[in-house]
Every structure is written in C-alpha cells, then in structure tokens.
Amino acid sequence: MRKIVYIFLGSLITLLVSCNSDSTDSANFASETGQSGSLARFTILDNHLYTVDNQNLNVFDINDRENPVQVNSVNVGFDIETLFSYKSYLYIGSRNGMFIYDANNFETPQLLSSVQHFTACDPVIATPTHAFVTLKGGNLCGANLNVLEVYDVTDITNPILISQRNLAGPVGMGFYGDYLFVCDDEVKIFDISDPENMNLVHAIDTESFDVIIQNDLLILVGEQGVYQYALDPNDIQNETMLSTISL
Amino acid sequence: MLCLSLVSCWYSDDGGDTISSTAYTPTILSRTELESSITLQEARSITKTGKIYVIGNYLFVNEPHVGFHIIDNADPANPVVEKFLTTPGVTDIIFKGESFYINQAVDLVALKFNDALTSVTETKRIENTFPQMLSPDGFYHTTGTDEIVVNWTLNGN
C-alpha cells in the first residue's frame, strides 16, 4: 500500500511539474527567468551582467539587451571560479577563498569582505544569513582535503566560519527550502535549518558535479549524464527518478 | 587548425631554468573563423558534460568549449534533446529576456534565437574582454595576433 501511495505521489508530482509548462512549440524566452547551476561564472542583477574570469569581475550594462556595453572590470584575485548573487551581493569563489562584493551601485561593485581557505576548487552559494562553500581538493585543485564550510554572513563585512564537515569530493550545491543539496560522491542532503549543526538527512546515489533545483524538480549533471528527480516537499527521503540522459 | 608547432611552455618559479610543457594541445581558430562559428544545428549526442542552465521549458547543457545541447524539458520525465548551439570556446550562458550572453573564448557575445528555435542571431560581440583560456594543467599558449585558443585536448587522444 505504502508503495502504491508513493507511486501515486510520484505521478502527481510528475503531472504537476509537466503542467507548469507553457507551449512547448515556442522558444520565446522573453518572460522567463533563467537559473544557473552553482558553477556559473555569469549572473545578472537588474540590467547588469556580471562575469568572472580567472582574475576579474567584469560588469556589462544590458539596459539595451541586444547591445551589452562593458562598464567596468574589477581585479579580484587569482584562480576565480564561480559567481553567485543574492540581492545586491556577489559571492565569488576562488581557489584561495571567498570574496563578497556589494553591487548596490551596479557599475562599481565594492569589496565588502573576503575569507581565505586552503587551495581547493570551490563554488559558493548563500542564504540571507549564511554562505555555504564546498572545497574539493586533489589533482589541479590543490591539497587533497574535501570539506563543506558554513559561514555566518549576518554581518556581511565579517563572515565567520561556524561549521565544517569532511566530504568525499564536493562540488555543486543547491537549496531546497531548509535543505542543502551537495554534489559529492553521491548527492548528500543536509538539513540546514540550524546551519551550525547541519544534519545529513538523506543521500541520492547519483554521481554529479552540479545541480539546479526548480520548485520540486531536481536536475543533476554528472560526467556520465543528466538526471532528473521529482522531490517530495513533505518527505525529503522520497524523491522519484524521472529521467536520465546518458552519455 | 591545430597549431602543433607553437609549443606552450612556461618557466617554473621554483626551478628557475626548468621548462615544463603542457600535456594538452590547443585548438586554435582565427578571429574570422571564431566570429563565423556560431550556428544552431541539429541535436547531437552528448559526449562531455559541463554546466547547466534552465530557462522556461528548456535545459541547456554545456559541451565544454564546444557548444550547448538544447533540451526541451517541458516533461522532465521525457526530455528531448532538440538542438545543438555550436559556440567554440563556450562554458557559460545566461538569459535576459529574449537575449542571451555567452563567453566565446576571449569574447563576450550577445545572441537571440527566433521563436521557432530554428536560427540564432548575433546582436553584439565584445572582443578580447576575457583572458586567454589556459590549458587544464595551467599553461599559457603563445598565440599569434590572429589566433584564439578555443579548447585544449589531451595529447594522444
């Protein structure tokens, strides 16, 4: 009976996800808002496009969308890897640390704070109060240490490391309500309602390096394919696999 | 297209006179080739995965430094790989309205699809705004004035 209920719930979620869609025949993106994975190096605030390259944070005015104009380039540091925005804050992950800029003045982002960590590849994502950083070591990424770090950013000018835990080789991350999904040797799901005391509550046995979570849809990309799951908002341990695109 | 004669090298900081070289070979396009390389093509199978981006019912999956697989994801239980956007040198994409922006090696390019998703139009290109792509093992290739590195492939592959 329990299984039948799960199948029913799964189908319902699938149905709901499917019904969200507009016409599938048009690629008119005008009214849509896109979403990146956590490894992105591009983000948009209002009518400004921000990009990071190895060393710089670049700002483009896209008020005229078809005609971007570069208005600034700010030297950040070395080995910059990822860019994440929350409100007017830009979180920049590099192999040596995390930088937080305020882009309240769109064209001239100001450095608010930075934290240094051991050399490792590291995306960063953030909530209003906390920043989550994964550090993947080994190979070209530096020391063979693999850690998930949590910073309290309530005072954005002074991030404080409040928690860290060892993982296998963490990369991409995504939020789902009070949960943090981390692409590790499997997808590890942490309850972050108390970020200082994160609890591992579930894992999905899929190899992936980045993730996008949209409503209850989980999209994972790994070296062997693209995987999609329907998440259950009432039971974090009850995801339903929807599809796999294998390489 | 592959420029084997120009050996990438650097002098390591510690050794002083040690020359080490990369295990990768750069894929090089001329500027003219780069600027005429963006095309919307029929779907192809994914051979290597990169970053992902979702917009509306579509999921974009990067084939690193080659292009984007465009997947109709209106039904996530049955995603359909619909098109391939060839954009040598690309790793990132982001949309604002109907326009979207990509990095194409050293350039930032603004593009638009038509509604039927059968063609792509370049509306702006900002040249040489990003640094040259280093090899995966961290080497710089000494390029000529008309050479742009769009990818690196492991030697022997």
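What you see is a predicted model, and the numbers here were worked out from it, not measured in a lab.

Caption draft 1: How the structure looks around the overall build of chain B. Each helix and strand counted, chain B has 1 helix and 13 strands in total. The order of helices and strands in chain B, counted from the N terminus, is β-β-β-α-β-β-β-β-β-β-β-β-β-β. Counting across all 157 residues of chain B, residues that qualify as buried make up 46%. Residue pairs in contact within chain B that sit at least 24 positions apart in sequence constitute 47% of those at least 6 positions apart.

Caption draft 2: Region of interest: the interface of chain A and chain B. Chain A puts 48 residues into the contact, and the matching count from chain B is 45 residues. Among the elements that take part in the side of chain A that touches chain B, strand S19 (residues 217-222) of chain A stands out by supplying 4 residues, more than any other. Taken together, the residues of the side of chain A that touches chain B sort by class into 21 nonpolar, 19 polar and 8 charged. Taken together, the 2 bridges between strand S1 (residues 35-36) of chain A and strand S5 (residues 52-55) of chain B define a ladder with antiparallel strand orientation. Across the sheet, the residue bridging to Gln35 of chain A is Val54 of chain B, located in S5 of chain B.

Caption draft 3: Structural detail: the sheet that holds strand S10 (residues 124-126) of chain A. Residues and elements named next belong to chain A. In space, the 4 strands of this open sheet follow the order S10-S11-S12-S13, with antiparallel pairing throughout. Each end of this open sheet is capped by a strand with a single partner; those strands are S10 and strand S13 (160-166). When strand polarity is set aside, the average angle formed by the axes of neighbouring strands in this sheet is 20°.

Caption draft 4: Examining the sheet that holds strand S12 (residues 120-126) of chain B more closely. Residues and elements named next belong to chain B. The 4 strands lie next to each other as S9-S10-S11-S12, forming an open sheet whose pairing is antiparallel. Looking at strand neighbours, the two that pair on one side only are strand S9 (93-96) and S12, the edges of this open sheet. Neighbour-to-neighbour, the strand axes of this sheet turn through a mean angle of 25°, independent of strand direction. In the sheet, strand S10 (residues 99-104) pairs with strand S11 (residues 107-113) via 6 bridges, with the strands oriented antiparallel. Residue Phe100 lies in a different strand from S11, and its bridge partner there is Leu111.

Caption draft 5: Here's a closer look at the confidence of the model for chain A. All names here are of chain A. For chain A, mean pLDDT is 90; residues scoring 70 or higher make up 89% of the total. Across residues 1-5, where pLDDT falls below 50, the model places 0 contacts with residues more than four positions away in sequence or in other chains. Overall, residues 12-24 carries pLDDT values under 50, and its contacts beyond four positions in sequence, including any with other chains, amount to 19 contacts.

Caption draft 6: Quick look at the pairing of strand S7 (residues 67-72) of chain B. Residue and element names in this part refer to chain B. In terms of residue burial, S7 counts as a mostly covered element, since 6 of its 6 residues are buried. Sheet topology note: the strand S6 (residues 58-63)/S7 ladder contains 6 bridges and is antiparallel. Residue pairing across strands places Val61 opposite His69, the latter belonging to S7. The antiparallel pairing of S6 with S7 creates a hairpin that spans 3 residues between the two strands, and His65 there sits at a positive phi of about 65°. Relative to strand S8 (residues 80-86), S7 is paired through 6 bridges, and the arrangement is antiparallel. Opposite Ile71, over in S8, you have Val81 as the bridge partner.

Caption draft 7: Local environment of the pairing of S10 of chain B. Residue and element names in this part refer to chain B. Within S10, 6 of the 6 residues are buried, which leaves the element mostly enclosed by the surrounding structure. The side-chain alternation of S10 yields two buried faces, one formed by Ser99, Tyr101 and Asn103 and the other by Phe100, Ile102 and Gln104. Where S9 and S10 come together, 4 bridges link them in antiparallel fashion. Looking across to S10, one finds that Ile93 is bridged to Ile102. Between S9 and S10, which pair antiparallel one after the other, the connecting turn spans 2 residues, and Gly97 there sits at a positive phi close to 60°. Counting the residues that bridge the hairpin from S10 to S11 gives 2 residues, and of these Ala105 lies at a positive phi of roughly 55°.

The rules behind these values
- Residues numbered from 1 in each chain as written.
- Chains lettered and ligands numbered in written order.
- Predicted model: local features only at pLDDT ≥ 70, side-chain atom pairs only at ≥ 80, totals over all residues.
- Helix = DSSP H or I, 4+ residues; strand = E, 2+ residues; numbered from the N terminus.
- Buried ≥ 20, exposed ≤ 12 C-beta atoms within 10 Å, placed from the backbone.
- Contact = placed C-beta atoms within 7 Å.
- Nonpolar A, V, L, I, M, F, W, Y, C, P; charged D, E, K, R; others polar.
- Pairing = 2+ DSSP bridges.
- Axes fitted to C-alpha atoms, helices over the stretch in contact; angles between N-to-C directions.
- pLDDT = per-residue confidence, 0-100.

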